[in-house]
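# Fold and geometry: a report
Chain by chain, the residues:
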Amino acid sequence: MGCDGGTIPRRDELVTVKKKPEKKDKDAEMEAKWKNCQLTQEKLRAPIVACELGRLYNKESVLELLLDRSKFECTPSFLHIKALKDIKVLNLTENKDYSRDKNGEIVGSYLDHAGAQYMCPVVGLEMSGRYKFCFLWGCGCVVSQRAMKEVKSEVCHKCGKSYTKEDIVILNGDEDDNKVMEENMEARRDRAKLEKKAKKAQKHKATIESKDGTTVTNSDIQLINGKTASADRGNGKQTNGIPTKKSRLVISDKPEQNPTVKIQDDPSRSKVYKSLFTTSKEAKNQTKGHWVTFNPQYFH
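Keep in mind that this is a model prediction, so the values were computed, not measured.

### Some thoughts on the overall build of the chain
Secondary structure summary: the chain contains seven helices and 15 strands in total. Residues classed as buried in the chain amount to 24% of the 300 residues present.

### Here we look at the pattern of salt bridges
Summed over the entire model, instances satisfying the criterion amount to nine salt bridges. A salt bridge links Glu42 to Arg45, with the shortest nitrogen-to-oxygen separation between them at 3.4 Å. The partly exposed category is assigned to Glu42, whose relative accessible area is 36%. We classify Arg45 as partly exposed; its relative accessible area is 38%. One salt bridge in this structure joins Arg45 and Glu60, with 3.2 Å as the shortest N-O distance. With Arg45 in the loop between helix H2 (26–35) and strand S1 (48–51) and Glu60 in helix H3 (residues 59–67), this pair connects stretches of sequence that are 15 residues apart. Taken together, the shared-partner salt bridges in this structure form one network comprising Glu52, Asp86, Arg188 and Arg189.

### Quick look at the environment of Lys85
When you line up the elements, Lys85 lands in the loop between H3 and strand S3 (87–89). In this structure the C-alpha to C-alpha distance between Lys85 and Cys51, which are 34 residues apart in sequence, comes to 9.4 Å.

### Here we look at the sheet that holds S3
Taken in spatial order, the three strands make up an open sheet running S2-S1-S3, and their pairing is antiparallel. Edge positions in the open sheet fall to strand S2 (56–58) and S3, since each of these has one partner strand only. Ignoring which end each strand starts from, the neighbouring axes of this sheet average 40° apart. Across the sheet, H3 lies against S1, S2 and S3, angled at about 80° from S2, the strand it touches most.

About the thresholds
- Residues numbered from 1 in each chain as written.
- Predicted model: local features only at pLDDT ≥ 70, side-chain atom pairs only at ≥ 80, totals over all residues.
- Heavy atoms only, no water.
- Helix = DSSP H or I, 4+ residues; strand = E, 2+ residues; numbered from the N terminus.
- Buried < 20%, exposed > 50% of the residue type's maximum accessible area, 1.4 Å probe, protein only.
- Salt bridge = Lys/Arg side-chain N within 4 Å of Asp/Glu carboxyl O.
- Pairing = 2+ DSSP bridges.
- Axes fitted to C-alpha atoms, helices over the stretch in contact; angles between N-to-C directions.
- Contact = heavy atoms within 4.5 Å.

Given below as structure tokens:
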């Protein structure tokens, strides 16, 4: 059976088939992760930083995020970045075979999107997203995951600084890698809090070492060998609530002065100095009113 004009319809014209979901372009997605900032989608430019989840950013964009989060629509995705200590400046290795001009365009007629500006300093793999890369949170050096597996070491392959497994952060990892990175981030921050509390406790606990080599706290004793120990707090100036000078214990040989001693009874004061006050004998026995008081007492 045909239609008007003698045409014969085909099956795909009569039967509606469910459309297949559109597939993402893997190359475009990979290029967006490894060559663009995750905040602004601008091209990555030095200095390049990364968070504890392994995402790449321009440092300028992160500073704008910390100053005003209302400028960015995707702010809920970056709640883990609260300060500059939550990011790390990456120590990248330039790829000598990757040549671009000042405008960022590839020099020459051949346009190679698979090329990368940075590479692994150990095995020479390009950081284009085709291979897994990671960086160490302690030093920020970036190497490929293949180099970490093939050349096993407890120190960084680039700078020689020691690290632990928790310090390894995978760049642009998959879902499983993200879960591991979140656990390492929480463990790292908890450890930093404990270290901060320990440092504060050590600062508050002032110790003094005697000549015999024994260490005694200022709360345990007050006198050592007949000498008084007094805490010197500095000049009392503070910057942002923090004292400018650390408190220290000083052994003083001078006896403490009694603030309740009267001036007229103080043997260290001269007669001329004592006569300046109304408590002196000359002031009490004067025949005319004193210039300070309005109700002088006369003694005849």
